[in-house]
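Listed below, chain by chain, are the residues.
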Amino acid sequence: MKNLRIDPEMKRLWPDTRVGCLQYKVNVEKKNEEMWKYLKKDIFKKAKDAIFDYGVNEIPNIKESRAAYKAFGKDPSRYRVSSEALIRRIGQGKGLYEVNTVVDVNNLISIESGFSVGSYDASNIEEELVFRIGKPGETYLGIGKDEINIEALPVLADQKGAIGSSTSDSRRAMITESAREVLTLIYSFSVNQDLEKALEYGKKYLELYAKAEEIESWIVE
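Calculation rules
- Residues numbered from 1 in each chain as written.
- Predicted model: local features only at pLDDT ≥ 70, side-chain atom pairs only at ≥ 80, totals over all residues.
- Heavy atoms only, no water.
- Helix = DSSP H or I, 4+ residues; strand = E, 2+ residues; numbered from the N terminus.
- Expected span 1.5 Å × (residues − 1).
- Buried < 20%, exposed > 50% of the residue type's maximum accessible area, 1.4 Å probe, protein only.
- Contact = heavy atoms within 4.5 Å.
- Phe/Tyr/Trp six-rings, centres within 6.5 Å; stacked < 30°, edge-to-face > 60°.

If you check helix α6 (residues 194–209), its first and last C-alpha atoms are 21 Å apart, about what 16 residues at 1.5 Å a residue would give, namely 22 Å. Where α6 is concerned, the buried positions are L195, A198, L199, Y201, G202, Y205, L206 and Y209. Those residues of α6 that are buried lie in contact with β2 (18–25), α2 (33–54), α5 (101–113), β9 (181–188) and β10 (213–220). Backbone geometry just downstream of α6 places K211 in the positive-phi region, at approximately 55 degrees.

If you want it as structure tokens, here you go:
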């Protein structure tokens, strides 16, 4: 299992910061048809209902994440939490990109929970990881994007540098069909018990839709 810690400065600025962790073995496949049926039938409706009930910025767990971004010094309307970006796409009728079974389940967990979720190829990241605030001038090459300015964003890093963030991940540990072991992280800035629930159904979805095995689950506080 990877060893993840939360940087003390991040905890000082936002004491409710926690990370839910799922590490597992998997054979990544192109698509799971049953998952997409469930996503379109049930989860899209839940997301649209949440938008109707709250407005996107006030959806539970998105609201707290946006507040945390402000505390870290990042404009959450310019650099959106990934869960907010996904739910906005659904609200606008754009649907979601089909990537592969792991990334698609990753997005399913994010939409249902309102938390940002990131999945990383365990073979491309080191054993010691830290969740911290992006440093001045820090950037990386994003997935499907050019350089992303990650200064003041919540960032996952190892000794080699930043790997991902709760807005957009880097290419270094992106999930491809060659990945055999994956670390999925659920980034929580909320004080409620939704993180515990998200880990439970996240594990269930990974087993059901991505055929994940030997799943280890824990929370870093």
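This next bit is on the packing of aromatic side chains. According to the stated counting rule, one finds seven aromatic pairs in the structure shown. Ring geometry for Y201 and Y205: centres 5.7 Å apart, planes at 50 degrees, overall tilted. With Y201 and Y205 both in helix α6 and four residues apart, the pair spans about one turn of that helix. As far as the burial class goes, Y201 and Y205 line up, both buried. Pairing Y205 with Y209 gives two aromatic rings, centres 6.0 Å apart and planes at 25 degrees, and the pair type is stacked.

Keep in mind that these numbers describe shape and distance, not what the molecule does.
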